[in-house]
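These are the residues of each chain, in order.
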Amino acid sequence: MDERQQLAEWIDQSDNIVFFGGAGVSTESQIPDFRSVDGLYNQEYDYPPETILSHTFFVRKTEEFYRFYRNKMLFPDAEPNPAHLALANLEKMGKLRAVITQNIDGLHQKAGSKEVLELHGSVLRNRCLQCGKDFSLEDIMSQSGVPKCECGGIIKPDVVLYEEGLDTRTLEAAVSYIQQADMLIIGGTSLAVYPAAGLIDYYRGNKLVLINRDKTGRDSQADLVIHDSIGKVFAPWSE
């Protein structure tokens, strides 16, 4: 039996699947993984992306943060790809319990997924740091420079920046789903970013599937490894 057949058989047998995904799930929707881009940032920005996307930088150089953020992190026209659609369909079929994602683009929800745990937050949610009022992505896009609330407060995206901790409740819910899963599918992530990558260690079953274009440091732990585009692999369930 080849890898695709094995995956299909396990999905067929399972009704408590959890999917854990990273940037590779969204790159097929033309959302670039900022880590994989080379000299582009050095030409246009004086700091590496990891520095710009830090809490300290947001506080000290808010205008420069927003220049980078609007140019490189916001893709309001992006559409779900077959991987997003397949996961939404598997949830409707009663097979998939939750999507745990490191992505901040909201494409899982756009595809129809209901139970989505966003480890790193979402660009769709934004909040005034002074009065707590909520703002949409459109509100951020429509302003130039540093977006401000009517009260004069600075608006911050609900995105986990470097130096900030993950939301405890979201992390606990993710651990709980993974511990109870009969099948864990991990896709589009190199499993290099902690603490998110450590979630794999909570899985107790024997159907651990890794789908990624490149090898990961955890391939040897998986029960099934598929090195291919996640959209292609999930295409059978996307319609």
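In what follows, the accompanying structure is described. Residue positions within a chain follow its written sequence, with the count starting from 1. Only residues with pLDDT of 70 or above have their local features reported here, since the model is predicted, and side-chain atom pairs are shown and tallied only from 80 upward, although totals for entire chains, interfaces and linings are computed over all residues. Hydrogens and water molecules were not included; the side-chain quantities draw on all heavy atoms of the structure.

1. Quick look at helix 6 (residues 62–72)
Next, step 1: Residue burial is assigned from relative accessible area. The probe radius is 1.4 Å, only protein chains are included, and a residue is buried under 20% of its type maximum, exposed over 50%, and partly exposed in between. Only DSSP runs of H or I reaching four residues or more are called helices, and only runs of E reaching two or more are called strands; each is numbered from the N terminus. Counted residue by residue, helix 6 has 8 buried out of 11 residues, so it is predominantly covered.
Next, step 2: Of all the positions in helix 6, only Thr62, Glu64, Phe65, Tyr66, Phe68, Tyr69, Arg70 and Lys72 are classed as buried.

2. Here's the deal with the pattern of salt bridges
Next, step 1: Between Lys or Arg on one side and Asp or Glu on the other, a salt bridge is scored when a side-chain nitrogen of the former is within 4 Å of a carboxyl oxygen of the latter. Scanning the model with the defined rule gives 10 salt bridges in all.
Next, step 2: Residue Arg125 pairs with Glu118 through a salt bridge whose shortest N-O separation is 2.8 Å.
Next, step 3: For Arg125, a relative accessible area of 37% corresponds to the partly exposed category.
Next, step 4: Owing to a relative accessible area of 12%, Glu118 belongs among the buried residues under this scheme.
Next, step 5: In this structure, Arg125 engages Asp158 in a salt bridge whose closest nitrogen and oxygen atoms are separated by 2.8 Å. Of this pair, Arg125 sits in strand 4 (residues 121–128) while Asp158 sits in strand 6 (residues 155–159); the two residues are 33 residues apart in sequence, bridging distant segments of the chain.
Next, step 6: Residue Asp158 is classed as partly exposed on the basis of its relative accessible area of 37%.
Next, step 7: Within this structure, Arg4, Asp228 and Lys232 form a network of salt bridges that share partners.

Keep in mind these numbers describe shape, not what the thing actually does.
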